[in-house]
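Structural overview
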Amino acid sequence: MEEAVEAVVAAGVEPFPTVDKCDASGRGAHAVVADLDGALLRSRSAFPYYALVAFEAGGVPRLLLLLLLAPLAAALRALASESACARVLVFAATAGARVRDIESAARAVLPRFYAADVHPAAWRVFSACARRRVVLTAAPRIMAEPFLRDCLGADAVAGTELATWRGRATGMVDSRRGVLVGWSRADALREILAGDDDDDAAPDVGLGNSRSDYPFMSMCKEAYIVPRAPVEPLPMDQLPRPVIFHDGRLVRRPTPLAALLVVLWFPVGFALACLRIAAGALLPMPLVYYAFWALGVRVHVRGAPPPPRAERATGRRGVLFACSHRTLLDPIFLSTALGRPVAAVTYSLSRLSEFLSPIRTVRLTRDRASDAAMIRDLLAEGDLVICPEGTTCREPFLLRFSALFAELTHEVVPVAMENRMSMFHGTTARGWKGMDPFYFFMNPSPAYVVTFLNKLPPELTCAGGRTSHEVANYIQRLIAATLSYECTSLTRKDKYLALAGNDGVVATPKPPAPAKKPNGC
């Protein structure tokens with residue numbers, strides 16, 4: 001087989017038709033084998049995914065190392081081999097990194113970027129073959145497997161294996177197979193097929209993009225080349241499992257140019273973030289709005305906010321602002337839009353964020369009775385901000401609203417919060433939350449849009465006979481319609497299980513039991 005493939009390549013003949021010639025109908029009982037970069041994905045360069053792992057595992061220094069070695073990798077690819085290029089990228093991105101950090105990035109960060117780069121023609125064929133789906137890739141298997149299995153429905157994934165020592169990546173690849181390119185892909189496919197009890201185990205369809213894919217493609221009954229012509233990516237809502245929760249600090253796909261801009265901007269952005277945070281923390285709230293605009297932070301206010309409590313009827317309790325939740329800065333930007341500080345209740349907030357906050361923050365205990373009493377006391381003192389989702393979501397979805405707030409007051413003003421970030425995300429589920437405000441303000445020109453909706457009429461509150469769940473669901477739908485978002489029944493627990501493998505609750509250590517007195521004392 002090897003000689004036949006090499007003879008066809010040497011003759012300068014393209015041995016396989018393009019994927020647009022493949023009829024995808026009636027393939028429910030077929031098996032498919034596909035390459036990843038350049039076939040299932042539009043991009044033939046794996047650099048952005050190595051850059052994401054590098055930044056998440058080692059920050060700016062490791063990303064800088066990857067950038068410095070990227071020209072060497074490109075030269076080796078052109079002059080030597082694809083395998084040599086991959087070895088350089090693997091070393092720069094993973095050497096010394098903890099394996100669990102790489103696994104965490106692969107589970108929580110990479111799927112969002114992979115999902116935005118799926119090739120529509122390849123996916124049309126890959127998704128049609130339902131009997132078995134196999135993916136072969138030169139990328140480290142640990143990086144690609146979570147996305148391929150969870151989002152694309154792959155049944156088996158073979159990739160480059162990392163060499164590890166005491167829970168850390170050495171930067172080398174496993175010597176038993178090396179980088180999975182060329183004939184090693186065919187060998188990996190044979191190992192996968194060896195465990196198939198079917199007598200006719202040869203895959204029905206093979207999808208590749210270059211000569212290094214020909215060996216495994218020649219093992220398939222049919223094989224197709226995914227051409228290099230640029231195409232629009234497959235819309236993410238057409239994937240079997242859309243990516244709703246994702247983590248990581250980088251907003252944009254880190255191409256070499258984008259990664260270089262991140263490295264160059266980082267020290268400037270951090271200094272600017274410190275200045276912006278100081279302005280928000282030290283200046284009187286009526287001046288913060290103008291200070292933010294002068295420092296490049298845009299705050300857009302829409303709707304008619306309610307007047308301060310002093311201007312409302314005497315004896316009335318404070319207004320409860322029920323907000324959608326985008327970052328932990330939501331209450332601060334709401335206060336900025338109002339021009340006055342408004343207290344906020346939070347589920348989890350770092351001590352640093354509490355110290356820097358220009359408004360009063362009160363931690364919820366997650367005990368329903370205690371939290372209800374605390375919120376009633378705060379409303380008796382004045383206005384209050386609450387985010388009923390309990391956690392943030394980056395995509396245009398709203399998580400399920402907790403119904404507790406609706407039971408405690410009928411003075412509810414829904415607020416639709418929306419933010420815009422161009423370089424860094426201001427939220428994290430896996431890292432230190434104390435850096436969240438810094439990352440948000442490190443964006444060159446971050447923006448918040450605060451839309452005040454009309455206060456709920458009495459007949460739509462619990463005082464009007466509605467249940468608390470009906471009120472919470474109504475407010476969720478109202479805010480979603482304002483933002484053109486989609487309502488979901490997902491919760492904080494769902495998010496943290498998907499991104500961090502826990503329920504997002506930090507257990508409070510119990511005090512040690514008193515020591516028993518020795519007998520006879």
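Cut-off values and rules
- Residues numbered from 1 in each chain as written.
- Predicted model: local features only at pLDDT ≥ 70, side-chain atom pairs only at ≥ 80, totals over all residues.
- Heavy atoms only, no water.
- Helix = DSSP H or I, 4+ residues; strand = E, 2+ residues; numbered from the N terminus.
- Expected span 1.5 Å × (residues − 1).
- Contact = heavy atoms within 4.5 Å.
- Axes fitted to C-alpha atoms, helices over the stretch in contact; angles between N-to-C directions.
- Parallel < 35°, antiparallel > 145°, perpendicular 65-115°, else oblique.
- Left-handed = near helix turned anticlockwise from the far one by under 90°.
- Buried < 20%, exposed > 50% of the residue type's maximum accessible area, 1.4 Å probe, protein only.
- UniProt positions renumbered as here; feature names shortened; annotations may be inferred.
- Nonpolar A, V, L, I, M, F, W, Y, C, P; charged D, E, K, R; others polar.
- Pairing = 2+ DSSP bridges.
- Phe/Tyr/Trp six-rings, centres within 6.5 Å; stacked < 30°, edge-to-face > 60°.
- Salt bridge = Lys/Arg side-chain N within 4 Å of Asp/Glu carboxyl O.

Taking 1.5 Å per residue as the helical rise, helix H10 (residues 256-282) with its 27 residues ought to reach 39 Å, and the 38 Å between its terminal C-alpha atoms agrees with that figure. Looking at the buried side of H10, the elements it contacts are helix H2 (47-79), helix H11 (285-294), helix H13 (351-356) and helix H16 (436-441).

This paragraph deals with the packing of helix H4 (residues 99-108) against helix H7 (residues 141-150). Where H4 meets H7, the axes come as close as 8 Å, and the angle between the chain directions of the two elements is 30°. By the angle class used here, H4 and H7 are roughly parallel. Between H4 and H7 lies a crossing whose hand is right-handed. Of the residues in H7, those in contact with Val99, Ile102, Glu103, Ala106 and Arg107 of H4 are Ile142, Met143 and Pro146.

For Ala105, the position within the fold is in helix H4. Exposure remark for Ala105: the relative accessible area of 1% places this residue in the buried category.

For the rest of this paragraph, the subject is the UniProt feature "transmembrane region" (unreviewed entry) in the protein. The positions that UniProt labels "transmembrane region" (unreviewed entry) are, in the present scheme, residues 47-69 and 257-279. Within residues 47-69, the helical portion is 100% and the strand portion 0%, while the C-alpha atoms at the span's ends are 11 Å from each other. Note that residues 257-279 is 100% helix and 0% strand, and that its end C-alpha atoms are spaced 32 Å apart.

So, on to the packing of H2 against H10. H10 packs onto H2 with a crossing angle of 25° between their chain directions and a minimal axis gap of 11 Å. By the angle class used here, H2 and H10 are roughly parallel. Handedness of the H2/H10 crossing: right-handed. On H10, the residues touching Phe47, Phe55, Val60, Leu63, Leu64 and Leu67 of H2 are Pro256, Ala259, Leu260, Val262, Val263 and Phe266. Within the contact of H2 with H10, the residues separate by chemical class into 12 nonpolar, no polar and no charged.

Positioned with a positive phi, Arg166 is a non-glycine residue whose angle comes to about 55°. Mapping Arg166 onto the fold places it in the loop between strand E4 (162-165) and strand E5 (168-173). By relative accessible area, Arg166 is classed as exposed at 73%. The phi dihedral of Ser484 falls on the positive side, at around 60°, and the residue is not glycine. Inspection of the secondary structure puts Ser484 in the loop between helix H17 (468-483) and strand E16 (486-487). You can call Ser484 exposed: its relative accessible area is 63%.

So, on to the sheet that holds strand E10 (residues 343-346). Ordered in space as E8-E15-E14-E9-E12-E10-E11, the seven strands form an open sheet in which the pairing is mixed. In the strand order of this sheet, the two ends are held by strand E8 (298-303) and strand E11 (361-363), each with one partner. The mean angle between the axes of side-by-side strands here comes to 25°, regardless of whether they run parallel or antiparallel. Pairing geometry for E10 and E11, over three bridges, is parallel. Among the inter-strand pairings, Val345 is bridged to a residue of E11, identified as Val362. Set on the sheet, H17 makes contact with strand E9 (320-323), strand E14 (412-420) and strand E15 (447-452); between it and E14 the angle comes to about 40°.

For the rest of this paragraph, the subject is the packing of aromatic side chains. The final tally for this structure, using the stated rule, is 18 aromatic pairs. Ring centres of Phe16 and Tyr214 lie 5.4 Å apart, and the angle between their planes is 65°; this geometry places the pair in the edge-to-face category. Separated by 198 residues along the polypeptide, Phe16 in the loop between helix H1 (2-10) and strand E1 (31-35) and Tyr214 in helix H9 (residues 214-217) bring together distant segments of the chain. Each ring, one from Tyr49 and one from Tyr114, has its centre 4.2 Å from the other, and the planes form 20°; the classification is stacked. Placement of the pair is Tyr49 in helix H2 and Tyr114 in helix H5 (residues 110-115), with a sequence separation of 65 residues. This pair shows no difference in class: Tyr49 is buried, exactly as Tyr114 is. A network of ring pairs unites the aromatic residues Phe292, Phe333, Phe440, Phe441 and Tyr448 as a single cluster.

On the secondary structure map, Thr336 appears in helix H12 (residues 330-338). Residues Thr336 and Tyr290 lie 46 residues apart in sequence; the distance between their C-alpha atoms is 9.3 Å.

A separate point is the pattern of salt bridges. With the rule as written, the count across this model stands at 27 salt bridges. In this structure, the salt-bridge partner of Arg141 is Glu145, at a minimum N-O distance of 2.5 Å. Of the two residues, Arg141 and Glu145 both sit in helix H7, four residues apart, roughly one turn of that helix. You can call Arg141 partly exposed: its relative accessible area is 25%. Sharing partners across several salt bridges, the network here consists of Asp35, Glu82, Arg185 and Asp213.

A few words now on the UniProt feature "domain: Phospholipid/glycerol acyltransferase" (unreviewed entry) in the protein. In the UniProt entry, the feature "domain: Phospholipid/glycerol acyltransferase" (unreviewed entry) is given for residues 319-420. Between the C-alpha atoms that bound residues 319-420 the distance is 27 Å, and the span itself is 33% helix and 25% strand.

What follows covers H17. Here H17 spans 23 Å end to end across 16 residues, near enough to the 22 Å set by a 1.5 Å rise per residue. Looking at the packing, one finds that the buried side of H17 touches E9, strand E13 (397-398), helix H15 (404-408), E14 and E16. Downstream of H17 by one or two residues, Ser484 has phi in the positive range, about 60°.

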